[in-house]
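Residues per chain are reported as follows:
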Amino acid sequence: MAPRRATTFGFKRTASLLTGRIRSASESRGFAQSRLLTDWAEVAGADIAAVSRPVEVSYGRGGMGATLTLLTTGAQAPMLEMQKEQLRTRVNAVYGYNAIARIRITQTAATGFAEGRVAFDHKPKDTSPKTPGPEMHKAASAVVSPVADEGLRAALERLGANILTKEKQG
């Protein structure tokens with residue numbers, strides 16, 4: 001039987017290259033499961049993730065029952081305090097056993113006190129469609145001018161203008 005040929009040609013996925021570094025960085029802060037950091041919105045729920053971030057998992061001397069420290073603003077702390085047990089259950093579901101015994105809530109502003117606001121949410125992706133400018137339409141029109149069919153030429157011109165617009169932005 002012939003040996004299997006490599007189909008990646010020496011390339012690796014970025015996730016496979018970064019997994020070790022992400023794991024070592026998260027373990028240095030006590031996170032045995034890096035998924036708790038990377039998928040916080042999925043673990044805690046969108047409403048809790050919008051107002052809090054996990055900061056640290058600290059283990060006691062006996063090793064039984066860890067404490068999860070959450071960062072939030074002072075105004076959101078009472079709401080999180082009431083949901084601690086529900087949140088602890090969700091977090092322990094990620095670990096697969098009762099790893100977290102307590103949740104400690106730290107009230108502070110993650111971006112600093114001078115700004116007066118906390119940015120817990122990720123930057124929203126810009127989903128607005130980019131319209132090609134007239135210079136892009138001219139460039140695309142020049143390229144597709146030899147095409148005889150009017151409908152095909154117009155479609156290729158729109159496609160070319162959109163491609164040129166994306167290349168210019170990236």
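Cut-off values and rules
- Residues numbered from 1 in each chain as written.
- Predicted model: local features only at pLDDT ≥ 70, side-chain atom pairs only at ≥ 80, totals over all residues.
- Heavy atoms only, no water.
- Pairing = 2+ DSSP bridges.
- Helix = DSSP H or I, 4+ residues; strand = E, 2+ residues; numbered from the N terminus.
- Axes fitted to C-alpha atoms, helices over the stretch in contact; angles between N-to-C directions.
- Contact = heavy atoms within 4.5 Å.
- Core = buried A, V, L, I, M, F, W, Y, C linked by side-chain atoms within 4.5 Å.
- Buried < 20%, exposed > 50% of the residue type's maximum accessible area, 1.4 Å probe, protein only.
- Patch = residues over 30% accessible without salt bridge, like charges linked within 9 Å, V, L, I, M, F, W, Y side chains within 5 Å.
- Areas by Shrake-Rupley, 256 points an atom, 1.4 Å probe, with all protein chains shown as cover.
- Salt bridge = Lys/Arg side-chain N within 4 Å of Asp/Glu carboxyl O.
- Arc of directions from axis to C-beta.
- Expected span 1.5 Å × (residues − 1).
- Polar contact = N/O pair within 3.5 Å; in protein donor to acceptor, adjacent residues only side chain to side chain.

(A) The sheet that holds strand β1 (residues 52–59), seen in detail. Taken together, three strands build an open sheet; the order of strands is β1-β2-β3 and the sheet is mixed. Two strands close off the open sheet at either side, each with one partner strand: β1 and β3 (100–107). Taking each pair of neighbouring strands and ignoring which way they run, the sheet shows an average axis angle of 25°. Bridging between strand β2 (residues 66–72) and β3 involves seven bridges; their strand directions are parallel. Bridge assignment links threonine 67 to a residue of β3, and that residue is arginine 102. Of the strands in this sheet, β1, β2 and β3 are in contact with helix α6 (residues 84–95), which crosses β3 at around 120°.

(B) Here's a closer look at the nonpolar core. In terms of nonpolar packing, the biggest core is built from 20 residues, with Trp40, Leu68, Leu87, Val91 and Ile100 touching the most fellow members. Those elements that provide at least two residues to this core are α3 (40–44), α4 (46–49), β2, α5 (77–82), α6 and β3. Discounting chain neighbours no more than four positions away, the residues touching valine 91 are Leu36, Trp40, Val43, Leu68 and Ile100.

(C) A nonpolar patch on the surface, seen in detail. Nonpolar side chains collect at one region of the surface, where Leu152, Leu156, Leu159 and Ile163 lie side by side and expose about 320 Å² of accessible area between them. Its location among the elements puts leucine 152 in helix α8 (residues 150–169).

(D) Spatial organisation of helix α7 (residues 134–144). Those residues of α7 that sit buried are Met136, Ala140 and Val144. Buried residues of α7, viewed axially, fall in a sector of 60°; they line one side. More than 90 degrees from the buried face of α7, the exposed residues found are Pro134, Lys138 and Ala142.

(E) A look at α6. Helix length check: α6 (twelve residues) gives 17 Å between terminal C-alpha atoms against 16 Å at 1.5 Å per residue, within 8%. Along α6, the positions that sit buried rather than exposed are Leu87, Val91, Asn92, Val94 and Tyr95. Seen end-on, α6 carries its buried residues on one side only, within an arc spanning 145°. Of the surrounding secondary structure, the elements contacted by the buried residues of α6 are α2 (35–38), α3, α4, β1, β2 and β3. Looking at the residues trailing α6, positive phi occurs at glycine 96, about 95°.

(F) How the structure looks around the side chain of threonine 67. Note on placement: threonine 67 falls in strand β2. A polar atom in the side chain of threonine 67 sits 3.2 Å from the side chain of arginine 102. In this structure, threonine 67 is in contact with Glu56, Val57, Ser58, Arg102 and Arg104, ignoring residues within four places of it in sequence.

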